[in-house]
Amino acid sequence: MTAVQLITVTEDEGESRLDRWMKKHFPQITQGAIEKMCRKGEIRVDKGRAKASDRVAPGMEIRIPPLPDSPAPEYEPDGKISKTDAQMILDCVLWKDEHMIVLNKPAGLPSQGGSGQGERHVDGLAEALKFGYKDKPKLVHRLDKDTSGLLMLARTDRVARRLSEALRHREARKIYWALVAGCPNPKQGSVKFGLMKAAMGRGDEKMICVHPAKMGDFPDAKRAQTDFFTLWFLGTRMSWMALEPVTGRTHQLRAHMAEIGHPIIGDGKYGGSTAENMGDGWGAGTGGDMSRKLHLHARMLTIEHPVTGKIMTFTAPLPEHMAKTWKLLDWKEDDVPADPFTHRQ
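Residues numbered from 1 in each chain as written. Predicted model: local features only at pLDDT ≥ 70, side-chain atom pairs only at ≥ 80, totals over all residues. Heavy atoms only, no water.

A. Local environment of the overall build of the protein. In terms of regular secondary structure, the protein is built from eight helices and 18 strands. Burial analysis of the protein (345 residues in total) assigns 47% to the buried set. Expressed as a percentage of contacts within the protein between residues at least 6 apart in sequence, the contacts between residues at least 24 apart total 65%. A total of about 17900 Å² of accessible surface is found on the protein, and carbon and sulfur atoms cover 48% of it. (Helix = DSSP H or I, 4+ residues; strand = E, 2+ residues; numbered from the N terminus. Buried < 20%, exposed > 50% of the residue type's maximum accessible area, 1.4 Å probe, protein only. Contact = heavy atoms within 4.5 Å. Areas by Shrake-Rupley, 256 points an atom, 1.4 Å probe, with all protein chains shown as cover.)

B. Structural view of unusual backbone geometry. Along the chain, Asn185 connects to Pro186 via a cis peptide bond; the corresponding omega equals 10°. One can find Pro186 in the loop between β11 (173-181) and β12 (188-191). Its identity as a non-glycine residue notwithstanding, His251 has a phi of 55°, on the positive side. Looking at the element boundaries, His251 is found in the loop between β16 (238-245) and α6 (252-259).

C. Region of the structure containing the pairing of β11. Of all the nine residues making up β11, seven are buried; the element is thus mostly covered by neighbouring parts of the structure. Across six bridges, the pairing between β11 and strand β17 (residues 296-304) is antiparallel. Paired with Arg173 across the two strands is Thr302, which belongs to β17. Sheet topology note: the β11/β16 ladder contains six bridges and is antiparallel. If you follow Ala178 over to β16, its bridge partner there is Met241. (Pairing = 2+ DSSP bridges.)

This is the structure:
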């Protein structure tokens, strides 16, 4: 353990964020520890309290409290979460600051607990994502269990409200990548079927599509819209799709693609046997290992930062099973536009 230190920022170091300056000088200190020391007033800049995101410049004097000599773990086990699960969810972090965290959720991990979901889910594992805060971060939206990709968590109630409002008022844009059976014609457009819950057994959930002209006949149906764009296709067998949900209904992308005859590969609930494509028809040859996992990934998210107001765009790399499929089909992520919907007014 070191003693209290007073260090002056040199001209050679230039201007930088306080947390980055700290990590450069003390690599054994985690981001969470830096934020905690700032909140407690243990780290001071020119004798005043400071935030981890504050900028420090040459000539400023930084007070450093006693620090451990060895690296501190990002997560201290408390019996609730195993070290393996804690490390897994920490490895999912794509970006974070003192207000929010962005994850690349793996396929197969539920966002929240519930009937049939068990105890292992993002909301429960968020205990390992405190990074020095007293309370765990809060989910502001969800992804289906078998859908991978970008998922946001808020580190305070105030930020959670702002992010939730942005999503509710469609001030955020989400683009998904999917592998679907067949090739849509036309290759771009919108699906505007309404959605309502089907009567199913307890603990299960499935949505039924309702034609826009018949919405008045089904008071429980909610309007829904999915914009789609075909990024690449393999003859008439399968296509690489960009999907943008204009609305955010349960299972919207899966139900809409199945309704227009192009179910997402690996979607046993909405695609049924057609998702496996084991026959001789337009989808033949996409069964086997490829059909066993859902090929739907939350690829890109654009949102205004809830505190700074800066427009931020995040991109999540493909999960292992989709990356394997893309390699098999010789499709490369950089060969398509990141946002094929930018042509819209």
